[in-house]
Amino acid sequence: MDEQPALVTLHLYCRVDVIVTDPAAVIGHAVAELRAADIDWSTEEDDLDTAVGELQTDLAGSLASVVDIGRLGDGVPGVEFRGGLCWAEHGPPRDAFHERGDGGDVSRQA
């Protein structure tokens, strides 16, 4: 009888800096994905036009809506993506994402 190894759940926190070279393209992509999504708008607070309008005025929200964090582990053997959170903000990074300063920073910068 082959015994399966125990599953281990880890939390992987990431901060990714990006430069948006074409805001209109990002927003257009987000709007296109929203329009193509299988959403039952009768169960939502907003309607499609309101949601599209929000994306058109929110570059950070548009970017966060199209980033596929489920692909971060692609190509890593033994890892299965189970869920996560992705958001985008304007301004400097939050304090929690600065280097620790105690020599224990094990982050990887791409």
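Note that the coordinates shown come from a computational prediction; the quantities given were computed from them, not determined experimentally. (Residues numbered from 1 in each chain as written. Predicted model: local features only at pLDDT ≥ 70, side-chain atom pairs only at ≥ 80, totals over all residues. Heavy atoms only, no water.)

Undergrad: Got a minute to help me understand the pattern of salt bridges in this structure?
TA: Once the charged atoms of two side chains with opposite charge are near each other, the side chains can pair. Across all of its chains, the model carries one salt bridge by this definition. Where Asp74 meets Arg71, a salt bridge forms, and the shortest distance between an N and an O atom there is 3.0 Å. Judged by its relative accessible area of 46%, Asp74 falls in the partly exposed class. (Salt bridge = Lys/Arg side-chain N within 4 Å of Asp/Glu carboxyl O. Buried < 20%, exposed > 50% of the residue type's maximum accessible area, 1.4 Å probe, protein only.)

Undergrad: Looking at this structure, I do not really get the environment of Gln56. What am I missing?
TA: Looking at the secondary structure, you find Gln56 in helix α2 (residues 48-56). For Gln56, a relative accessible area of 48% corresponds to the partly exposed category. In sequence terms Gln56 and Gly28 are 28 residues apart; their C-alpha atoms lie 7.9 Å from each other. Leave out the neighbours within four places in its chain, and Gln56 touches Ile27 and Val31. (Helix = DSSP H or I, 4+ residues; strand = E, 2+ residues; numbered from the N terminus. Contact = heavy atoms within 4.5 Å.)

Undergrad: Looking at this structure, I do not really get the nonpolar core. What am I missing?
TA: Among the nonpolar cores identified, the biggest contains seven residues, and these are Ile27, Ala30, Val31, Leu34, Ala51, Val52 and Leu55. Secondary-structure elements contributing two or more residues to this core are α1 (23-36) and α2. Considering every element that reaches this core, the biggest residue donor is α1, with four residues. Beyond its immediate stretch of four places on either side in the chain, Leu34 contacts Ile39, Trp41, Leu48, Ala51, Val52 and Leu55. (Core = buried A, V, L, I, M, F, W, Y, C linked by side-chain atoms within 4.5 Å.)

Undergrad: How do you make sense of α1 when you look at a structure like this?
TA: Helical periodicity: at 3.6 residues per turn, an α-helix aligns residues three or four positions apart in one direction. If you check α1, its first and last C-alpha atoms are 20 Å apart, about what 14 residues at 1.5 Å a residue would give, namely 20 Å. Taken residue by residue, α1 has Val26, Ile27, Ala30, Val31 and Leu34 as its buried positions. The buried residues of α1 occupy an angular sector of 130° when the element is viewed end-on, so they sit on one face. In α1, the exposed residues that point more than 90 degrees away from the buried face are Ala24 and Ala36. The inward-facing, buried residues of α1 abut α2 and α3 (59-66). (Expected span 1.5 Å × (residues − 1). Arc of directions from axis to C-beta.)

Undergrad: What is the right way to read α2 from this model?
TA: Of all the residues in α2, the buried ones are Ala51, Val52 and Leu55. Buried residues along α2 cover an arc of 100° about the axis, so they all sit on one side. Residues of α2 that are buried sit in contact with α1 and α3.

Undergrad: I tried to follow the packing of α1 against α3 on my own but got confused; where do I start?
TA: In a packed pair of helices, the relevant descriptors are the angle between the two axes and the axis-to-axis distance. At their nearest, the axes of α1 and α3 sit 9 Å apart, and the two run at 55° to each other. The pairing of α1 with α3 is recorded here as oblique in orientation. Handedness of the α1/α3 crossing: left-handed. Along the contact surface, α1 presents Pro23, Val26, Ile27, His29, Ala30 and Glu33, while α3 presents Leu59, Ser62, Leu63, Ser65 and Val66. (Axes fitted to C-alpha atoms, helices over the stretch in contact; angles between N-to-C directions. Parallel < 35°, antiparallel > 145°, perpendicular 65-115°, else oblique. Left-handed = near helix turned anticlockwise from the far one by under 90°.)

So yeah, pure geometry; function would need other evidence.
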